[in-house]
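# Topology and contacts: notes
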Amino acid sequence: MRRRRSLPVSKRILVVEDNDVNYSLVAFILGKQGLQVRRAATGEEALRQAAEDEPDLILMDIQLPGIDGLEVTRRLRARPATRAIPIVALTAFAMVGDDERALAAGCDGYIAKPVSPRILLDTVQRFLGGAAEEHGAA
Ligand code: MN
């Protein structure tokens, strides 16, 4: 599927998250900024959606059923079509070393869970170049 570059579409974020509550929180925060949010609930779904949609940014949960976020990241980095998409890991605070593992797998950054709205928006803004600034960070 080719992106229609002539349309003034807003930035698109793929949120890879198997937990409904975590996803809803992240989607609410990003949606309020006018960002287009799509969800993948499994690693397999994430690989498919990233290739089809070429999102502007991927937020990647590490602990997923099936292939985990680290392996999904490695596979995205190995494919030319998805290699350049920025990936920010969502790491569990209790999992010591998740941040280093995420960077080693190819993630560009990480956010510790539970997600702080301000840190999430600051991080997204850093990778999207100000798209999240439009309505002011709450
Ligand atoms: Mn999870």
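The notes below deal with the structure included here. Small disclaimer: the values here were computed from a predicted structure and weren't measured. The residue numbers shown here count from 1 along each chain, following its written sequence. Predicted model: local features are reported for residues with pLDDT of at least 70 only, side-chain atom pairs are reported and counted for 80 or more only, and whole-chain, interface and lining totals are derived from all residues. With hydrogens and water stripped out, all remaining heavy atoms of the structure feed into the side-chain values.

## So, the coordination of the manganese ion
Counted as donors are the N, O and S atoms within 2.8 Å of the metal, or 3.2 Å for Na, K and Ca, while water is not among the atoms, so some sites may look incomplete. At this site the manganese ion is bound by Asp18 (OD), Asp61 (OD) and Gln63 (O), with donor distances of 2.1 to 2.2 Å. Each donor residue of the manganese ion lies on the same chain, and together they follow the pattern D-x42-D-x1-Q. In this pair, aspartate 18 is assigned in the loop between β1 (12-16) and α1 (20-31) and glutamine 63 in the loop between β3 (57-61) and α3 (69-78), connecting sequence segments 45 residues apart. Relative accessibility under 20% of the residue-type maximum defines a buried residue, over 50% an exposed one, and the middle range a partly exposed one, all with a 1.4 Å probe and only protein chains included. With relative accessibility at 47%, the residue glutamine 63 sits in the partly exposed group. Comment: elements are numbered from the N terminus, with helices defined as DSSP H or I runs of at least four residues and strands as E runs of at least two.

## Looking at the side chain of lysine 113
Mapped onto the elements of the fold, lysine 113 is located in strand β5 (residues 109-113). Under the rule applied, a polar contact is a pair of N or O atoms within 3.5 Å (in protein, one hydrogen donor and one hydrogen acceptor; residues adjacent in sequence only if both atoms are side-chain atoms). Within the local environment of lysine 113, its side chain forms a polar contact with the side chain of glutamate 17, the two groups lying 3.1 Å apart.

## Examining unusual backbone geometry
For residues that are not glycine, phi is negative in most cases, and the peptide bond is trans in most cases. A cis amide bond links lysine 113 with the next residue in sequence, proline 114, at an omega value of 0°. When you line up the elements, proline 114 lands in the loop between β5 and α5 (117-128). Located in the positive-phi region is glutamate 54, a residue other than glycine, with phi close to 45°. Residue placement: glutamate 54 occurs in the loop between α2 (43-53) and β3. Using a relative accessible area of 27% as the deciding quantity, one classes glutamate 54 as partly exposed.

## Things to note about the packing of α3 against helix α4 (residues 98-105)
Convention adopted: a line fitted to C-alpha atoms gives each axis, helices being fitted over their contacting stretch, and angles between N-to-C directions are expressed from 0 to 180 degrees. Viewed as axis vectors pointing N to C, α3 and α4 meet at an angle of 20°, and their least axial separation amounts to 8 Å. Classified by the angle their axes make, α3 and α4 are roughly parallel. When the axes of α3 and α4 are compared, the crossing they make is right-handed. Every residue of α4 that contacts α3 at Leu70, Thr73, Arg74 and Arg77 is listed here: Arg101, Ala102 and Ala105. Note on residue categories: nonpolar means Ala, Val, Leu, Ile, Met, Phe, Trp, Tyr, Cys or Pro, charged means Asp, Glu, Lys or Arg, and polar means any other residue, Gly included. Tallied by class, residues from the contact of α3 with α4 come to 3 nonpolar, 1 polar and 3 charged. Orientation labels follow simple angle bins: below 35 degrees gives roughly parallel, above 145 gives roughly antiparallel, 65 to 115 gives roughly perpendicular, and whatever is left gives oblique. When the near helix sits turned anticlockwise from the far one by under a right angle, the crossing is termed left-handed; a clockwise turn instead gives a right-handed crossing. Working rule for contacts: check all heavy atoms of both residues, and any pair within 4.5 Å makes them a contact.

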